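If you want the building blocks of each chain, they are given just below.
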Amino acid sequence: MNRAAKFGLSMLTAILFGLTILYPFCLYTQNPVVAKWRTLYIETAMSTLSHQWLATTFIPQSIIDEVMKSRYMSQDLQDGKQSQWDMSGETVQQRVEEYTDEQQRFFAQFDELDRDSFFAFAKEHPDATADGYDRIDIDYCGRKDDVTGIKTTQGDDVRAINAQAGILIVEVKDDDYNGRLAFIKDASRVSVGTTKSLFSHGQFVRNIADRYSALLAINASGFEDPGGNGNGGTPYGFVKSQGSKKRSAVGGDYKIIGFDEQNRLRIGRFSDTSQFRDAVEFTPALIIDGERLVRDSAGWGLQPRSAIGQKEDQTVMLLVVDGRQPGHSLGCTVNDCASIFERYGAVQASNLDGGSSSVMYYNGREITRPTTASMNEEGRYLPDAFIVT
C-alpha cells in the first residue's frame, strides 16, 4: 500500500471513529467539562441571527431545546422587575464636595483606585501630576505591551484616567475574555447619540461619537437586519436621544434601558416613557435595584458583549468585552458581565447589543477589537450609541 493510500485509510478511520464514538459522546455525556462546552456551543450559536445552523445542523432539536430552557427561566425571573431606586446614598459630586484638597478630591472622585499603586506610578512619572490632580490625563489604552501599573481596589489594570472629564478606564480579563470597563463620574454627560441618517443608514460608533463631539462611546441598540443585509440604520425597539423620542418600544422580553431626568439608570418595561431623557431597548437585564437576575450563562452563550451599569453614587459603567478571537478573547457570558458589575457595586445593569456590534471608542480611536467578518477595527454600521460628551 502506497503512502497516499495509507493516509486516506487513516483519515477514513479517524472520521468513522469520530462519527461512531466521539460524536455521540459529545452529545450525550454528562462529563462536566464536555457538558459545559456543549451548552456554551449551543447557546452561542442559537444567540446569533446568522449562525444558528452551527447548532441545528449537527445537534438534535431535543438537546437544543433542553439547553435553551435556561434562557426562558432567566426571562421568567425578570418578569415584572423594573428599577425603583429606593436607595438614597450620596452621589459622586456630593462626596467630592466634602474636600477642598485637590488630591483628596481626586481620590474621592475615583474611589475605585488603589492609592499605593497610583502613588508608585506618579513617582515614576512626575509629569502626570505636574499640572495638579484636577488635570491628570493618563491614556495607555493604545499601548498593547505597556501598562501603567496602577490597579483598582479590585485588582484590575488601569488604562486611562481623565480627571477633568471624570473618566476612568480599566482592563477586565479572565481565562476566556478581555475587555474594557469605563467609569463615568458625571452621569449627566452620558446620553444616546444616533446615526446621522436614522432609519436610513447606520454609522460606525466613532462617527456617531464625532457627530456629538463625544470623548467616549459604546454601541447600544440592536437593529433590524432582514436577511442579514441590514445597514444598521433602523434600531430595534425604543430609542430616545437627548429628550427626543425616535421609536416606540417593542416590549416582550425586551427592557427599556436609559436615564431619567435625575440621571438615574432605569431598566424595565415602562408604560410611561416620558421620564426618560435618553434610552434604548434590549435584553436581558443583569441587575435591577441590587438584585442579580442572571445565573450561569442564562442561555446566551459566549459572545462579544456590551453592557451598561450604574452604582448607587450614580457612577455610570460602560463595558465592552471582545470575543471570537482565540488567543485574545473568546468572549463572555451575560453572567460574567453581571459579575464584573457586581464587583464594582452596580445596583442597576443591563446587557446591550453584542457580537459584531461590540466596540468601545475613546479619545479618537477604538480601544477594543470588534469581531466583524472583515475584522474592521471600526466595527459595523449601527443606529446609535451611548456617548459621553
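Predicted, not measured: the structure shown is a model, and the values here were computed from it. (Residues numbered from 1 in each chain as written. Predicted model: local features only at pLDDT ≥ 70, side-chain atom pairs only at ≥ 80, totals over all residues. Heavy atoms only, no water.)

The next thing to look at is the overall build of the protein chain. Scanning the protein chain from N- to C-terminus turns up 9 helices and 19 strands. For the protein chain, the C-alpha radius of gyration of 23 Å lies close to 21 Å, the compact-globule estimate for 389 residues. C-alpha extents for the protein chain along the principal axes are approximately 85 × 55 × 40 Å. When burial is assessed residue by residue, the protein chain has 53% of its 389 residues classed as buried. The contacts of the protein chain with a sequence gap of at least 6 include a subset with a gap of at least 24, amounting to 66%. Split by element, the accessible area of the protein chain, about 17,600 Å² in all, is 49% carbon and sulfur. (Helix = DSSP H or I, 4+ residues; strand = E, 2+ residues; numbered from the N terminus. Rg over C-alpha atoms; globule rule 2.2 N^0.38 Å. Buried < 20%, exposed > 50% of the residue type's maximum accessible area, 1.4 Å probe, protein only. Contact = heavy atoms within 4.5 Å. Areas by Shrake-Rupley, 256 points an atom, 1.4 Å probe, with all protein chains shown as cover.)

Before going further, it helps to examine the pairing of strand 8 (residues 244-247). The pairing of strand 7 (residues 239-241) with strand 8 spans 3 bridges and is antiparallel. Considered in strand 8, the bridge of Lys240 is made with Lys245. The hairpin turn running from strand 7 into strand 8, its antiparallel successor, is 2 residues long, and Gln242 in that turn takes a positive phi close to 50°. (Pairing = 2+ DSSP bridges.)

Moving on: the pattern of salt bridges. Pairing between side chains of opposite charge can happen when their charged atoms approach one another. As enumerated under the stated definition, the model contains 20 salt bridges in all. For Lys311, the salt bridge identified is with Glu112, shortest N-O distance 2.6 Å. Of this pair, Lys311 sits in strand 14 (residues 305-311) while Glu112 sits in the loop between helix 6 (102-109) and helix 7 (115-124), and the two are 199 residues apart along the sequence. Accessibility expressed as a relative area gives 8% for Lys311, which makes it buried. Here Glu112 falls in the buried class, since its relative accessible area comes to 2%. The shortest N-O distance in the salt bridge between Arg343 and Asp156 comes to 3.0 Å. On the criterion of sequence distance, the pair formed by Arg343 in helix 9 (residues 334-343) and Asp156 in the loop between strand 1 (137-139) and strand 2 (157-162) is long-range, its members being 187 residues apart. For Arg343, a relative accessible area of 32% puts it in the partly exposed group. (Salt bridge = Lys/Arg side-chain N within 4 Å of Asp/Glu carboxyl O.)

A large share of strand 5 (residues 190-194) lies buried, amounting to 5 of its 5 residues. Across 5 bridges, the pairing between strand 5 and strand 19 (residues 384-388) is antiparallel. Residue Val190 lies in a different strand from strand 19, and its bridge partner there is Val388.

Turning our eyes to something else, we now look at the sheet that holds strand 18 (residues 365-366). One open sheet holds the 5 strands; their spatial order is 5-19-6-17-18, and the pairing between them is antiparallel. The open sheet has two free edges, formed respectively by strand 5 and strand 18, since each of these has just one partner strand. As defined by bridge partners, strand 6 (residues 216-219) adjoins strand 17 (residues 360-362) across 3 bridges and the pair is classed as antiparallel. Paired with Leu216 across the two strands is Tyr362, which belongs to strand 17.

Further remarks concern the sheet that holds strand 13 (residues 291-292). Pairing in this open sheet of 9 strands is antiparallel, and the strands run 1-2-3-4-15-14-16-12-13 from one edge to the other. Where the open sheet ends on each side, the last strands, each with one partner, are strand 1 and strand 13. Sheet topology note: the strand 14/strand 16 (residues 346-351) ladder contains 5 bridges and is antiparallel. Each bridged residue has a counterpart across the sheet, and for Ala307 the counterpart in strand 16 is Asn351. The sheet strands contacting helix 9 are strand 3 (167-173), strand 4 (178-184), strand 12 (285-288), strand 13, strand 14, strand 15 (316-321) and strand 16, and the helix crosses strand 12 at an angle near 30°. (Axes fitted to C-alpha atoms, helices over the stretch in contact; angles between N-to-C directions.)

What follows is about the environment of Ser356. With respect to the secondary-structure elements, Ser356 resides in the loop between strand 16 and strand 17. Considered as a pair, Ser356 and Ser47 are 309 residues apart in the sequence and their alpha carbons are 12 Å apart. Contact partners of Ser356, with chain neighbours within four places excluded, come to Arg324, Thr371, Thr372 and Arg380.

Now for the state of the cysteines. In the structure shown here, the tally under the stated rule is 0 disulfides. Of all cysteine sulfurs in the structure, the one in Cys332 sits closest to Cys141, which takes part in no disulfide; the separation is 18 Å. Judged by its relative accessible area of 8%, Cys141 falls in the buried class. Here Cys332 is not cross-linked by a disulfide; its sulfur's nearest cysteine counterpart is in Cys337, at 3.7 Å. Accessibility expressed as a relative area gives 0% for Cys332, which makes it buried. (Disulfide = S-S within 2.5 Å.)

Packing of helix 6 against helix 7 brings their axes to within 12 Å, and their N-to-C directions diverge by 130°. On the basis of the axis angle, helix 6 is oblique to helix 7. For the element pair helix 6 and helix 7, the recorded crossing hand is right-handed. Residues Gln103, Phe106 and Phe107 of helix 6 pack against Arg115, Phe118 and Phe119 of helix 7. (Parallel < 35°, antiparallel > 145°, perpendicular 65-115°, else oblique. Left-handed = near helix turned anticlockwise from the far one by under 90°.)

Topologically, Ser357 is positioned in the loop between strand 16 and strand 17. What Ser357 contacts, discounting residues up to four positions off in sequence, is Asn219, Phe223, Arg380 and Leu382.

Looking now at helix 6. Restricting attention to buried positions, one finds in helix 6 the residues Phe106, Phe107, Ala108 and Gln109. Structurally, helix 6 contributes buried residues whose contacts are with helix 5 (92-96), helix 7 and strand 2. Two to three positions downstream of the cap, the backbone nitrogen of Gln103 sits 3.1 Å from a side-chain oxygen, assigning the N-cap of helix 6 to Asp101. (Polar contact = N/O pair within 3.5 Å; in protein donor to acceptor, adjacent residues only side chain to side chain.)

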